[in-house]
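Here is how the chains run, residue by residue.
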Amino acid sequence: MEKTNVRIIIAAHKRYRMPADSMYMPLQVGAEKRAEQDDGMWGSEYARDDTGENISGLNPSFCELTGLFWAWKNLDADYIGLVHYRRHFSLKRKRDLWSSVLTYEQLMPYLGQVKVFVPVKRKYYIETLYSHYQHTHYASQLDEMRNVIHVKYPDYVSSYDRVVKHRYGYMFNMMVMEKDCYNEYCAWLFDILFEMRESLGEQEELSAYQGRFYGRLAEIALNIWLDKKIGFRELQREEVMELPCIHMEKINWWKKGTAFCKAKFFGVKYEGRF
């Protein structure tokens, strides 16, 4: 039986330890804008998102989506996915985090049965996806995404309206998808984001952190796409599998919680990761 080919890019903006499993492909994102600063520091083990057909120059606002786009246009595999240099899928957490990273051997039994792998839902409890975005970023961006969906993909509007009321969601733009699903999702997503960019531009008045809004909108967009696909039975629920997610760096929960409360109760927008 022929082995199922899986390629998962690891979006990175700096050199970092990488999993040894051959299904992973380290990818320097935003390579176009960093080329003059890098001075050969990356080495040949990292692919670059400014090769082939690419949108590398949009990385400041699209974040890891420049990697998602690059993989869509330049990779050929049965399954294609994206994770982050400091955030990985894991089926079983061990004391040694690097031994906990998902391997091909662990994924293999599900290939051909599951079409979409996503992170376990992140729960917000006292916030909806809309109110959380409204408090921490700018709701007008989310509203514009609905406007574009209404015009270009009206059959997704009910999913948008439903998803933004959820108090949970698949976040981080992490996924592994069967190729046909991946192609369909990327075509849909980038059509919406490029249309939004025509009206919103890069919003250069925003801080560098807040300027990454296209990447953040895509996190919610993935939930909308899946809601519609499952609702219309274009994907069966059992064809979507949640995988635990591990962080390779410690999260400052006190700082994160404080920023969350300031955003919700005092209107102080996020200005950095935690």
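Our subject is the structure listed above.
**So, the packing of aromatic side chains**
Throughout the structure, instances matching the rule amount to 16 aromatic pairs. Measuring from centroid to centroid gives 6.0 Å for phenylalanine 62 and phenylalanine 194, while their planes differ by 40°, and the two rings are tilted. In this pair, phenylalanine 62 is assigned in helix H2 (residues 59-62) and phenylalanine 194 in helix H8 (residues 179-200), connecting sequence segments 132 residues apart. Look at phenylalanine 62 and you get buried, because its relative accessible area is 0%. Of the residues examined, phenylalanine 194 reaches a relative accessible area of 30% and is grouped as partly exposed.

**Observations regarding unusual backbone geometry**
Positive phi values are uncommon outside glycine, yet cysteine 63 reaches one of about 55°. Examined against the element boundaries, cysteine 63 turns out to sit in the loop between H2 and helix H3 (65-74). For cysteine 63, a relative accessible area of 15% gives the class buried. Of note in the backbone geometry, phenylalanine 172 takes a positive phi value of approximately 80° without being a glycine.

**Some thoughts on the nonpolar core**
Grouped together as the largest cluster of nonpolar side chains are 90 residues, with contacts concentrated most on Leu68, Met145, Trp188, Leu189 and Phe190. At 11 residues, helix H9 (residues 213-231) tops the list of elements feeding residues into this core.

**Description of the environment of arginine 197**
Along the chain, arginine 197 falls in helix H8. Along the sequence, arginine 197 and tyrosine 214 sit 17 residues apart, while their C-alpha atoms lie 8.6 Å from each other. Ignoring sequence-local partners within four residues, the contact set of arginine 197 consists of Leu58, Phe62, Glu202 and Tyr214.

**Notes on the layout of surface pockets**
By volume, the second largest pocket amounts to about 320 Å³. Lys121, Tyr170, Asp227, Ile230 and Arg237 are, among the 14 residues lining the second largest pocket, the residues nearest its centre. Elements supplying a minimum of two residues to the lining of the second largest pocket: strand S8 (168-169), H9 and strand S10 (240-243). With five residues, H9 is the single largest residue contributor to the lining of the second largest pocket. Grouping the amino acids of the lining of the second largest pocket by side-chain chemistry returns six nonpolar, four polar and four charged.

Thresholds applied
Residues numbered from 1 in each chain as written. Predicted model: local features only at pLDDT ≥ 70, side-chain atom pairs only at ≥ 80, totals over all residues. Heavy atoms only, no water. Phe/Tyr/Trp six-rings, centres within 6.5 Å; stacked < 30°, edge-to-face > 60°. Helix = DSSP H or I, 4+ residues; strand = E, 2+ residues; numbered from the N terminus. Buried < 20%, exposed > 50% of the residue type's maximum accessible area, 1.4 Å probe, protein only. Core = buried A, V, L, I, M, F, W, Y, C linked by side-chain atoms within 4.5 Å. Contact = heavy atoms within 4.5 Å. 1 Å grid on protein atoms, 1.4 Å probe; cavity = no way out; pocket = protein on both sides within 12 Å on 5 of 7 lines; lining within 4 Å. Points joined across faces, edges and corners; volume = space filled by probe spheres on them. Nonpolar A, V, L, I, M, F, W, Y, C, P; charged D, E, K, R; others polar.

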